Amino acid sequence: MQRRLEWMRLSLLASLTATPACGPGGVGETDSGDSGTSADDEVGATETTESSSGEGTESTEEESTESTEESTESTESTESTESSTDTTEESTESTEESTETETDTTEESTDTGPPPEGCNEALPIFDAEDNFTGWLLCENGAKIRSQQLDCAPIVADFEPCVDPNDNFGCSSNDECGSGLCVQNDYNCGCYEPCTNDADCGGEYGACICQGVIGITNGVDGPQCATDNIDDCKVNADCPSGMCGVSVNRSDCDDWSMLSCYMGMDECYADAHCGADEYCAAGWGDNPWTCEGAYCPIVPGRPLIDAGGSPVLARLAEVDPSPAEARSTLTTHYLELALLEHASVASFARVGMQLTALGAPPWLLRAVQAAALDEIEHARLAFALAERFAGRPLEPGALPLAEVPLAVSPERFVDELIRDACVNETLAAAEAQIAADHCEDAEARAFHGRVAVDELAHARLGWETLAWLCERHPELRSRARIQLARALRQRAPERSFAEVATPSSSAAFGVLSPSVRAEVHATALRTLVAPAAELILGA
């Protein structure tokens, strides 16, 4: 598998090596003029100009630099001394406060203490057996963690497995040892309760006790926070004194994370947001905001509505004859055709968003070119679907009423990483492996073209991320978290259309769920992770 994707790895990383890295100090400058050159050409031109400078200029610059450095060192020495004194005083105060907190916790583990500012009338949260969970419920709806306590192994409610996948997960409790086989959003999986933070791995792993976040991923019981970030584990870790939990509940998976409230947040609980939104945790100095739930992995660039679900056109009934039961191949290529069709609108939406963000001409041109690629992909996929169906097929109207157009820079970077950097890369890898399996010439040509084009779209996504980091350097930490989330998640185990995948279908480019999962895991490891390292130093 990895050998078959090696050309993609070499091509992607070679192109991104010339892209300015989004490091701690931002990225290199990018020419925003309409020069008719690509981003790679612009970077190369800049390097050529710099290398052609005269020796006399270099000498003057070196003398000037030495003088500036001596002056800077003198100034920095004075500032360093003052800063050191201030830091020592602050460190002493922080140590005294920390000691007092630890003493209080030791004396009475169930004593929640006075509520932090911004959390009035805090009430303790108990599990189903009246054990204090270490969490508090604020009057404003925020749930915050006052202390780390071991969780009782209580499962108050769960959704038993009713829709198992033969290739993944479980189908009964017997397959889960001492755990439970529960139904999550797209499959059945074994659930094992955690007891404490150590069970969740990593310095910032957190075990959320039963009774705090309700049914999540099919079970109301102790479970690890999905995203472990270097933000907080308890209230004392936060300047605001409030370490909360955010849960993204989408149609494909549930994701939870702990993060500090900032005191200037748009929301404190899901109840403060719209019907299809949740109160999303901020990162670093970013406040909590209301955002639409989203599905982490859908290969390609889907068009997503405010609730996080893919938007597809209905099939136009060109042939008035009754719709027959479609074969696996018809269903597969019709699904691909509708996804590619929706991707045209998705790129059009991205183009308008980038225009609003002040994107340079080369980036807008590249987005328009990608939309044209998707038109051709849709045409080819519909042709294959028609061939296997034996009748004309074409898309109907695409419902756009629930698709948000204007988004914040924060939401834009979330969607960029999900849809371009990750999903386009997975789509390229999936198409390449499908082409390798194909014995049918038409299907092989289709997947071969898609593999090349989607890799170019993924590269465009990474280049867009580098540009965005330069324009909004405060988004870099958020981008790193989103990429870390993508690299930890498992691949989807079924497509939108639930179809059986006989081994004979591989000759026509239809991959089985197990092969798709292997492709995605390999692509995340060998393509997405190295690209993230180049662009973000992740």
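Just above sits the structure.
Here the structure is a predicted model, which means the values were calculated and not measured.

What counts, and where the lines are drawn
Position labels on residues start from 1 in each chain and follow its written sequence. Note on the predicted model: pLDDT of at least 70 is required for a residue's local features to be given, and 80 or more for side-chain atom pairs to be given and counted; whole-chain, interface and lining totals, by contrast, use all residues. Side-chain metrics rest on all non-hydrogen atoms present in the structure, leaving aside hydrogens and water. Put simply, DSSP H or I for four residues or longer makes a helix, DSSP E for two residues or longer makes a strand, and each gets a number counted from the N terminus. To sort residues, take the accessible area from a 1.4 Å probe on protein chains only and compare it with the maximum for the residue type: under 20% means buried, over 50% means exposed, and anything in between is partly exposed. Shrake-Rupley sampling with a 1.4 Å probe provides the accessible areas, and residues are treated as covered by the protein chains on show and by no other component. By the convention used here, residues are in contact when the closest approach between their heavy atoms is within 4.5 Å. Here, a disulfide means two cysteine sulfur atoms that sit within 2.5 Å of each other. Here an axis means a line fitted to C-alpha atoms, over the contact stretch when the element is a helix, while the angle between two N-to-C directions is reported on a 0 to 180 degree scale. Just so you know how the angles are binned, under 35 degrees is roughly parallel, over 145 roughly antiparallel, 65 to 115 roughly perpendicular, and the rest oblique. Note: crossing handedness is left-handed where the near helix turns anticlockwise from the far helix by less than a right angle, and right-handed where it turns clockwise. We call Asp, Glu, Lys and Arg charged. Ala, Val, Leu, Ile, Met, Phe, Trp, Tyr, Cys and Pro are nonpolar, and the rest, Gly among them, are polar. Two strands pair if DSSP finds at least two bridges between them. Any Lys or Arg side-chain nitrogen located within 4 Å of an Asp or Glu carboxyl oxygen qualifies as a salt bridge.

Caption draft 1: Structural context of the overall build of the protein chain. Regarding its fold elements, the protein chain presents nine helices and 15 strands. Taken over 538 residues, the protein chain has a buried fraction of 48%. Within the structure as shown, the protein chain displays about 24800 Å² of accessible surface, and the carbon and sulfur contribution to it stands at 50%.

Caption draft 2: Examining the environment of Cys 161 more closely. Its location among the elements puts Cys 161 in the loop between strand E4 (157-158) and strand E5 (180-183). On the basis of relative accessible area, Cys 161 is assigned to the buried category, the value being 19%. Residues within four places of Cys 161 in sequence aside, it is in contact with Cys 170, Ser 171, Cys 181, Val 182, Gln 183 and Cys 188.

Caption draft 3: Spotlight on the state of the cysteines. All chains considered together, the criterion is met by nine disulfides. Paired through a disulfide, Cys 200 and Cys 224 show a sulfur-sulfur distance of 2.1 Å. Disulfide Cys 200 to Cys 224: torsion about the S-S bond roughly -85°, handedness left-handed. Here the residue Cys 200 occupies a position in the loop between strand E6 (188-191) and strand E7 (207-208), and Cys 224 occupies one in strand E9 (residues 223-224), the gap between them amounting to 24 residues. Take Cys 200: its relative accessible area is 13%, and that puts it in the buried class. Two residues, Cys 232 and Cys 243, share a disulfide whose sulfurs are 2.2 Å apart. Taking the sign of the S-S torsion, 80° for the link of Cys 232 and Cys 243, the bridge is right-handed. Of this pair, Cys 232 sits in the loop between E9 and strand E10 (243-249) while Cys 243 sits in strand E10, placing them eleven residues apart in sequence. Exposure remark for Cys 243: the relative accessible area of 0% places this residue in the buried category. In this model Cys 421 remains outside any disulfide bridge; the closest cysteine sulfur is found in Cys 469, 9.6 Å from its own. Residue Cys 421 is classed as buried on the basis of its relative accessible area, which comes to 0%.

Caption draft 4: Structural view of the packing of helix H4 (residues 328-356) against helix H5 (residues 361-389). Between H4 and H5, the least distance of the axes is 8 Å, while the angle of their chain directions is 165°. Here H4 is positioned roughly antiparallel relative to H5, judged by the angle of their axes. Once H4 is placed against H5, the crossing between them reads as left-handed. In terms of residue class, the contact of H4 with H5 is made up of 23 nonpolar, six polar and two charged.

Caption draft 5: Examining the pairing of strand E1 (residues 123-126) more closely. As paired elements, E1 and strand E2 (residues 132-137) share four bridges and run antiparallel to each other. Bridging across to E2, Leu 123 finds its partner in Leu 137. Counted between consecutive antiparallel strands, the loop separating E1 from E2 contains five residues, among which Asp 130 sits at a positive phi close to 65°.

Caption draft 6: Inspection of the side chain of Thr 464 at higher detail. Examined against the element boundaries, Thr 464 turns out to sit in helix H7 (residues 441-471). According to the relative accessible area criterion, Thr 464 is buried, its value standing at 4%. Among all residues touching Thr 464, those that are not within four sequence positions of it are Leu 354, Leu 363, Phe 412 and Leu 416.

Caption draft 7: Representation of the pairing of E2 within the structure. Where burial is concerned, most of E2 is hidden: five out of the six residues are buried. As judged from the three bridges shared by E2 and strand E3 (residues 143-145), these two strands associate in the antiparallel manner. Looking across to E3, one finds that Leu 136 is bridged to Ile 144. The antiparallel hairpin formed by E2 and E3 contains five residues in its connecting segment, where Gly 141 sits at a positive phi of about 95°.

Caption draft 8: Structural view of the pattern of salt bridges. For the structure on display, the rule yields twelve salt bridges. Taking the shortest distance from any N to any O, the salt bridge between Glu 442 and Arg 387 comes out at 2.9 Å. Of this pair, Glu 442 sits in helix H7 while Arg 387 sits in helix H5; the two residues are 55 residues apart in sequence, bridging distant segments of the chain. Residue Arg 387 is classed as partly exposed on the basis of its relative accessible area, which comes to 39%. One salt bridge connects Arg 516 with Glu 430, and the closest N-O pair in it is separated by 3.4 Å. On the criterion of sequence distance, the pair formed by Arg 516 in helix H9 (residues 513-536) and Glu 430 in helix H6 (residues 409-437) is long-range, its members being 86 residues apart.

That's the geometry; what it means functionally is another story.
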